[in-house]
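Coordinate analysis (summary)
So the chains spell out like this:
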Amino acid sequence: MANPSSQVEEQDLDLIALWIRFDPKRWVAGALAGLTAGVIMAVVAMALATAGGYEVWYPLKLAALPILGGSATELGSSVPGLFVGAIAHELLCMLLGIVFSHFAATNSLPALLGAGLVWGLFSWIFLSNLFFRSFADVTAAEIPRGAALLCNVVFGLALTSVAGFDRLFRR
């Protein structure tokens, strides 16, 4: 006879109910996680840019290309390209953090790491390789795909910080 305590009861998750929930505290935690992950991603991107012979601010200037055009990455126009790029980068990261926090409705680190890895890979596929390359200036910049992959995965994994922010708001 099987031990009742060793049997695991399966539960069906109602994904629709989970995905349409209204949880502003989680969304704020996601926004902060997105901002944090954006900073971490930018630091990794700046290290890769420096190692590749580019100026340290080049990755942030790349985020300004769809808004300012090719002038955003010129060496002489550091201030406008850097300012607009940093704002655009962090706003996009914040939005992605909110969406991630809504759909990854757990604070379990192993689950968030898995979701973050998948989030980073999908961000690389759909944002870096499809959406952003639809802008002519971004395509002309010839961003190395390997560096973009690493940065997106780092971003996705850094989104696990949502658990800490969520716990902070739920005290």
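Our subject is the structure listed above.
Attention here is on the structure that accompanies the text. (Residues numbered from 1 in each chain as written. Predicted model: local features only at pLDDT ≥ 70, side-chain atom pairs only at ≥ 80, totals over all residues. Heavy atoms only, no water.)

Topic: the overall build of the chain
Scanning the chain from terminus to terminus reveals 9 helices and 0 strands. Traced from its N-terminal end to its C-terminal end, the chain shows the element sequence α-α-α-α-α-α-α-α-α. Projected onto the principal axes, the alpha-carbon positions of the chain cover approximately 75 × 30 × 25 Å. Expressed as a percentage of its 171 residues, the buried residues of the chain come to 36%. Considering only contacts within the chain whose residues lie at least 6 apart along the sequence, 69% involve residues at least 24 apart. Surface exposure of the chain reaches about 9900 Å², of which carbon and sulfur atoms provide 72%. Between the averaged position of the 9 positive side-chain charges in the chain and that of its 11 negative side-chain charges there is a distance of 7 Å. (Helix = DSSP H or I, 4+ residues; strand = E, 2+ residues; numbered from the N terminus. Buried < 20%, exposed > 50% of the residue type's maximum accessible area, 1.4 Å probe, protein only. Contact = heavy atoms within 4.5 Å. Areas by Shrake-Rupley, 256 points an atom, 1.4 Å probe, with all protein chains shown as cover. Lys, Arg positive; Asp, Glu negative; His and termini not counted. Charge placed at Lys NZ, Arg CZ, Asp CG, Glu CD.)

Thoughts on the packing of aromatic side chains
One pass over the structure, following the stated rule, counts 6 aromatic pairs. Summarising the aromatic geometry, the rings of phenylalanine 22 and tryptophan 27 are spaced 5.1 Å apart at their centres and angled 90° between planes, so their arrangement reads as edge-to-face. Aromatic rings pair up to connect Phe131, Phe132 and Phe135 into one cluster. (Phe/Tyr/Trp six-rings, centres within 6.5 Å; stacked < 30°, edge-to-face > 60°.)

Comments concerning helix α5 (residues 78-103)
Between its first and last C-alpha atoms α5 spans 37 Å; for 26 residues at 1.5 Å apiece the expected length is 38 Å, and the two agree. Along α5, the residues that are buried comprise Gly81, Gly85, His89, Glu90, Cys93, Leu96, Gly97, Phe100, Ser101 and His102. (Expected span 1.5 Å × (residues − 1).)

Re the pattern of salt bridges
The full count for this structure, using the stated rule, is 4 salt bridges. Measuring nitrogen to oxygen at the nearest pair gives 3.4 Å for the salt bridge that ties arginine 26 to aspartate 166. Of the two residues, arginine 26 sits in helix α2 (residues 24-51) while aspartate 166 sits in helix α9 (residues 162-169), which places them 140 residues apart along the sequence. Arginine 26 gets classed as buried once you look at its relative accessible area, which sits at 2%. Overall, aspartate 166 belongs to the buried group, its relative accessible area being 4%. (Salt bridge = Lys/Arg side-chain N within 4 Å of Asp/Glu carboxyl O.)

Section: the environment of valine 79
Within the fold, valine 79 resides in helix α5. For valine 79 and isoleucine 143, which are 64 residues apart along the polypeptide, the C-alpha to C-alpha distance reads 21 Å.

Overview of the packing of α2 against helix α8 (residues 145-158)
Direction vectors running N to C along α2 and α8 enclose 150°, while the axes themselves pass 8 Å from each other. Considered as vectors, α2 and α8 are oriented roughly antiparallel to each other. Classified by chirality, the crossing of α8 by α2 is right-handed. In contact with Gly34, Ala37, Gly38, Ile40, Met41, Val44, Ala45 and Leu48 of α2, α8 contributes Ala147, Leu150, Cys151, Asn152, Val154, Phe155 and Ala158. In terms of residue class, the contact of α2 with α8 is made up of 12 nonpolar, 3 polar and no charged. (Axes fitted to C-alpha atoms, helices over the stretch in contact; angles between N-to-C directions. Parallel < 35°, antiparallel > 145°, perpendicular 65-115°, else oblique. Left-handed = near helix turned anticlockwise from the far one by under 90°. Nonpolar A, V, L, I, M, F, W, Y, C, P; charged D, E, K, R; others polar.)

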